[in-house]
Each structure stands twice: as C-alpha cells, then as structure tokens.
Amino acid sequence: GVIIKTKRPDNKKTNLYLLTDKGLALTPLLVELAAWSDQHLREIHPLIQDGEGMALIRRDKAAFARLLEEQYREKLAGMDYVR
C-alpha cells in the first residue's frame, strides 16, 4: 500500500510507480534519514554536494517535508493519469 503501479499515459509499455498517501506519509522519516546522513556521511565523504535542500533540512525539517509533499502532489496533479 506504499506505492501503486500504473502505466504512463503517453507510453502504455512503461510502468509508472507512484506513492500512495501512505507512502507519502513516510516523507518526514526520509527527511530525518537525509539529515542523519548529512551529519554522518560528510565525515567519510567531505565532497558531498551541498545545496538549498540540505540548508532547508538543517533549518526546518518539517518545512522541507511539507515542501516535498506539496511538490509531489503538484506533479501528480499535472499528470494525465487516474488513480
């Protein structure tokens, strides 16, 4: 129940895997994992890219999670597919 499998509207041969609401609810957990990896993996790989997303995660994890969810839902709304 975390993802659904459907076909692309423009290419019926290609599968498209989309998050369900239950899958999207995992966003805060994934953001926590990103924050943890940023803190711990930089010790091992100091050349890891740093961007606006990581800066927002460091400042406000909940805001970053909301932004991800909003962007995902907007992308889905713009797609021509039916759940």
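Fair warning: this is a prediction, and the values are worked out from it, not measured in the lab.

Visitor: So what's going on with the overall build of the protein chain? Residues and values would help.
Guide: Scanning the protein chain for helices and strands turns up four helices and two strands. Listed by position from the N terminus, the elements making up the protein chain come as β-β-α-α-α-α. Whereas a compact globule of 83 residues would reach a radius of gyration of roughly 12 Å, the protein chain reaches 16 Å, over 25% beyond that. Out of the 83 residues belonging to the protein chain, those deemed buried represent 22%.

Visitor: Just give me the short version of the pattern of salt bridges, but keep the residues and values in it.
Guide: In the structure shown here, the tally under the stated rule is five salt bridges. Notably, a salt bridge pairs Asp 38 with Arg 58, separated by 3.0 Å at the nearest N-O pair. Of this pair, Asp 38 sits in helix H2 (residues 27–44) while Arg 58 sits in helix H3 (residues 52–59), and the two are 20 residues apart along the sequence. For Arg 58, a relative accessible area of 45% gives the class partly exposed. Residues participating in the shared-partner salt-bridge network are Asp 38, Asp 50 and Arg 58.

Visitor: So what about H2? Which residues, and what values?
Guide: With 18 residues, H2 extends 25 Å from end C-alpha to end C-alpha; this agrees with the ideal 26 Å at 1.5 Å per step. The set of residues buried in H2 consists of Thr 27, Val 31, Ala 35 and Asp 38. Packed against the buried residues of H2 are helix H1 (21–24), H3 and helix H4 (61–78).

Visitor: Quick rundown of the packing of H3 against H4? Include the residues and the values.
Guide: Put simply, H3 and H4 touch, their axes get as near as 5 Å, and they point 130° apart. Here H3 is positioned oblique relative to H4, judged by the angle of their axes. Counting all contacts with H3, which are made through Gly 53, Leu 56, Ile 57 and Arg 59, the residues of H4 involved are Lys 61, Ala 63, Phe 64 and Leu 67. Of the residues assigned to the contact of H3 with H4, the class counts are five nonpolar, one polar and two charged.

What counts and what doesn't
Residues numbered from 1 in each chain as written. Predicted model: local features only at pLDDT ≥ 70, side-chain atom pairs only at ≥ 80, totals over all residues. Heavy atoms only, no water. Helix = DSSP H or I, 4+ residues; strand = E, 2+ residues; numbered from the N terminus. Rg over C-alpha atoms; globule rule 2.2 N^0.38 Å. Buried < 20%, exposed > 50% of the residue type's maximum accessible area, 1.4 Å probe, protein only. Salt bridge = Lys/Arg side-chain N within 4 Å of Asp/Glu carboxyl O. Expected span 1.5 Å × (residues − 1). Contact = heavy atoms within 4.5 Å. Axes fitted to C-alpha atoms, helices over the stretch in contact; angles between N-to-C directions. Parallel < 35°, antiparallel > 145°, perpendicular 65-115°, else oblique. Nonpolar A, V, L, I, M, F, W, Y, C, P; charged D, E, K, R; others polar.

Nothing here speaks to function; it is all geometry.
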